[in-house]
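These are the residues of each chain, in order.
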Amino acid sequence: MKGDLRMTKLPYIKQAGQAIFQDRFVKKANELLISADARNDSRFILVGAPLSKSSISHSGASFAPATIRKMLSSYSTYAIEENIELENEEIVDVGDIVMHPTDIVQSQKRIEDTVSELLEVHQTKQLILLGGDHSVSFPAIKAFAGGKRRVGVIQFDAHHDLRNLEDGGPTNGTPFRSLLESGSLKGEHLIQIGIRNFANGKAYSSYGKEQGVSIYTMKDVREQSLSLIVKEAIRKLENEVDVIYLSVDVDVLDQAFAPGCPAIGPGGMSSEELLNAILFLAQHDKVQGMDIVEIDPTLDFRDMTSRVAAWIILNFILGKRM
Ligand code: CA
């Protein structure tokens, strides 16, 4: 048909969004993402929870799921250090949960309902949830703990996130308070790593200790090393809980490694330390879920922080292959 572009061969045209250069021997990590409709026996499921109106400071973390997915395209699927090729590890990408425009509690309910349903439909899959601010972890972990499963949480964070709910309702400062108060998580099953000076109120450190939360500060990380701390965390949880969930707030990183989060600050851990910890933890069978939160791509520099998130996803998958 004359004038019909579909009939015209344009050999130098590529679809918008496709890689500029394609190497027949190299698979890009974003190609691991497959549609939820595809028949598959994938072990991983990924969902975005783009909620950041609940942040107590300005946050564009609702843009993070899309940016993190995009950053996967910057990396290959081959881990040379372990000599493991991840090219056949598919991740079912179910998309993003639609957030209510104004109602934060309703948005959190949507997250809880969606995660519950995903876990029911995809029982054998590992959950990867992309925030959003840290408030998404309350409904996500509440759902993860559903079905009377005893859940343990290893939280990487500069902050306790144990603030009271009277001052501002369910924000990104309260998810673990809400989990403890709702009975979804026991204090002794929560392990906080990377808690930092001048980022918390004393009342919340005291509350955490009273509740039996294990708190490792950055001083502990410096003096004991993160690899010893995560080994201790696993030893503490593995016989006490049915499943372990990793909650990764990227503000646990020093601001040099994570410029794109609302609460940047000095004295945090390096991206190498965090990535090694994720790789180690993912190897444990009981580690079956993870969220990555508090990345604001609108504040970031060259998407550095979303790139760390892409590597956290890849290290999680790599750990499951080891
Ligand atoms: Ca946090």
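These remarks concern the structure in this document. (Residues numbered from 1 in each chain as written. Predicted model: local features only at pLDDT ≥ 70, side-chain atom pairs only at ≥ 80, totals over all residues. Heavy atoms only, no water.)

In this section: the coordination of the calcium ion. Taken together, H134 (ND1), D157 (OD), D157 (OD), D161 (OD), D161 (OD) and D249 (OD) make up the protein donors of the calcium ion, found 2.2 to 3.1 Å from the metal. Between the six donor atoms coordinating the calcium ion, the angles at the centre fall across 44 to 159 degrees, so the site counts as irregular. Each donor residue of the calcium ion lies on one chain, and together they are spaced H-x22-D-x3-D-x87-D. A single burial state applies to D157 and to D161, both of which are buried. (Donors = N, O, S within 2.8 Å, 3.2 Å for Na, K, Ca; no water. Tetrahedral: all angles 85-135°; square planar, octahedral: opposite > 155°, others 65-115°. Buried < 20%, exposed > 50% of the residue type's maximum accessible area, 1.4 Å probe, protein only.)

Time to look at the pairing of strand β5 (residues 91-96). A regular strand places its side chains so that they alternate between the two faces of the sheet. Note: strand β1 (residues 33-35) against β5, three bridges, orientation parallel. Pairing of I34 across the sheet is with V92, part of β5. Pairing of strand β2 (residues 44-49) with β5 involves five bridges; the strand directions are parallel. Bridged to G48 within β5 is D96. (Pairing = 2+ DSSP bridges. Helix = DSSP H or I, 4+ residues; strand = E, 2+ residues; numbered from the N terminus.)

Whenever strands of a sheet pair, they do so through backbone hydrogen bonds, lying parallel or antiparallel. Taken together, nine strands build an open sheet; the order of strands is β1-β5-β2-β6-β11-β10-β7-β8-β9 and the sheet is parallel. The two strands at the open ends of the sheet, each matched to only one other strand, are β1 and β9 (214-217). Between one strand and the next, the sheet's axes are offset by a mean angle of 20 degrees, whatever the strand orientation. Relative to strand β6 (residues 126-131), helix α2 (residues 104-121) is tilted by about 160 degrees, and along the sheet it contacts β2, β5 and β6. (Axes fitted to C-alpha atoms, helices over the stretch in contact; angles between N-to-C directions. Contact = heavy atoms within 4.5 Å.)

Glancing now at the side chain of H284. Mapping H284 onto the fold places it in the loop between α8 (271-282) and β11 (287-293). The class of H284 is buried, set by a relative accessible area of 19%. When sequence neighbours within four positions are dropped, the list of residues in contact with H284 reads I234, E238 and K320.

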